[in-house]
Amino acid sequence: MTATTDDTWTAANQGALGPTGRPRPVFPEPSVPSNHGPARVVAMVNQKGGVGKTTTTINLGAALAEVGQKVLLVDFDPQGALSVGLGIDPRPLETTIYDLLMEESDVTAEDALLATSVEGMDLLPSNIFLSGAEIRLVNEVAREYALQRSLEPLLPYYDICLIDCQPSLGLLTVNALTCAHSVMIPLECEFFALRGVALLMESVSKVQERLNKHLEIDGILATMYDPRTLHAREVLATIMQGFGEKVFHTVINRTVRFPDATLAGEPITQFDPGSMGATAYRDLAREVLARWPARL
Ligand SMILES: Nc1ncnc2c1ncn2[C@@H]1O[C@H](COP(=O)(O)OP(=O)(O)OP(=O)(O)O)[C@@H](O)[C@H]1O
Ligand SMILES: [Mg+2]
């Protein structure tokens, strides 16, 4: 049977092999939560750049909000790409996640919070000031818990909080892992996709041992997959060999609609709601909701 990724999981293709080589399950239609919170916190991490962390944060967040989840996105990269991808220029912002991290500032989480164009999805933005946080936090007591302290007042109001990390395993990423319930790892289906993953897993283990024993690995998300190339299929097979059931059934195909949506400052679910990319992130939303426990 030929595996394609551009069809949705319907009862009709249940049992057909997906791109990961496993039969595709049909994930249930998510139910709209009757009350909200406390949020499950998920860190989007890979120290390799350009693998789809920000794209996944925006589009998974939007797909979750579409099915009634209250979503908080945290831009934890000084580049501010998450904010830009949501149509917000972070450069002139005076209040960002940076201010929340700094203990001496009297800014509250509500002061920094911005609404997005997606109903039910808010953003804690960042800008280049965040690049100074790593150095300033070094001398703080319990420096790994700064983000957890900052997010605590907001979490009761959301169902899911996605943290878009920068491509590094430095103190900011350690902060994200320390306050997260789980970590999601996007991997690009390209040469060297697995390079550095062992180091990333080591960091996750260290955080589990020393700072956050409840941290789980949610899964590996294969991104930028081109089913037409043997190369991409081989890389995905290698990812499957390495991580097996940890790999999400949902695979994100490579399509120019993603950069197009970023330029437009919109999630793909709004920019091109009927596209294959929008469908893929809706599938991922169903898959994660089926994996995560209903209540924390
Ligand atoms: N599935 C995809 N198909 C094609 N292009 C994609 C896809 N996903 C992301 N891109 C594009 O690839 C580039 C990198 O994606 P993204 O910014 O999400 O990666 P990142 O891991 O957040 O990068 P960084 O490590 O620099 O923060 C962006 O231009 C984005 O629009
Ligand atoms: Mg990014």
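The structure this text deals with has already been given above.
All of the points below concern the structure found in this document. The structure presented is a predicted model; accordingly, all values stated were derived computationally and were not measured. (Residues numbered from 1 in each chain as written. Chains lettered and ligands numbered in written order. Predicted model: local features only at pLDDT ≥ 70, side-chain atom pairs only at ≥ 80, totals over all residues. Heavy atoms only, no water.)

### Some thoughts on the pairing of strand 5 (residues 160-165)
Here is the key point about a regular strand: its side chains alternate between the two faces of the sheet. The buried fraction of strand 5 amounts to 6 of the 6 residues, a majority that puts the element mostly inside the structure. Residues Ile160, Leu162 and Asp164 point to one face of strand 5 and Cys161, Ile163 and Cys165 to the other, with burial holding for every one of them. One ladder, built from 5 bridges, connects strand 1 (residues 40-44) with strand 5; its direction is parallel. Bridge pairing in strand 5 places Val41 opposite Cys161. Examined bridge by bridge, strand 2 (residues 71-76) and strand 5 share 6 bridges and lie parallel to one another. Counterpart to Leu72 in the pairing with strand 5 is Cys161. (Buried < 20%, exposed > 50% of the residue type's maximum accessible area, 1.4 Å probe, protein only. Helix = DSSP H or I, 4+ residues; strand = E, 2+ residues; numbered from the N terminus. Pairing = 2+ DSSP bridges.)

### Some thoughts on the packing of helix 1 (residues 53-66) against helix 12 (residues 276-291)
With their axes 8 Å apart at the nearest point, helix 1 and helix 12 run at an angle of 70° to one another. As summarised for this structure, helix 1 and helix 12 are arranged roughly perpendicular, according to the angle between their axes. Of the residues in helix 12, those in contact with Thr55, Thr56, Asn59, Leu60, Ala63, Leu64 and Glu66 of helix 1 are Tyr281, Arg282, Leu284, Ala285, Val288 and Leu289. Classifying every residue of the contact of helix 1 with helix 12 by side-chain character gives 8 nonpolar, 3 polar and 2 charged. (Axes fitted to C-alpha atoms, helices over the stretch in contact; angles between N-to-C directions. Parallel < 35°, antiparallel > 145°, perpendicular 65-115°, else oblique. Contact = heavy atoms within 4.5 Å. Nonpolar A, V, L, I, M, F, W, Y, C, P; charged D, E, K, R; others polar.)

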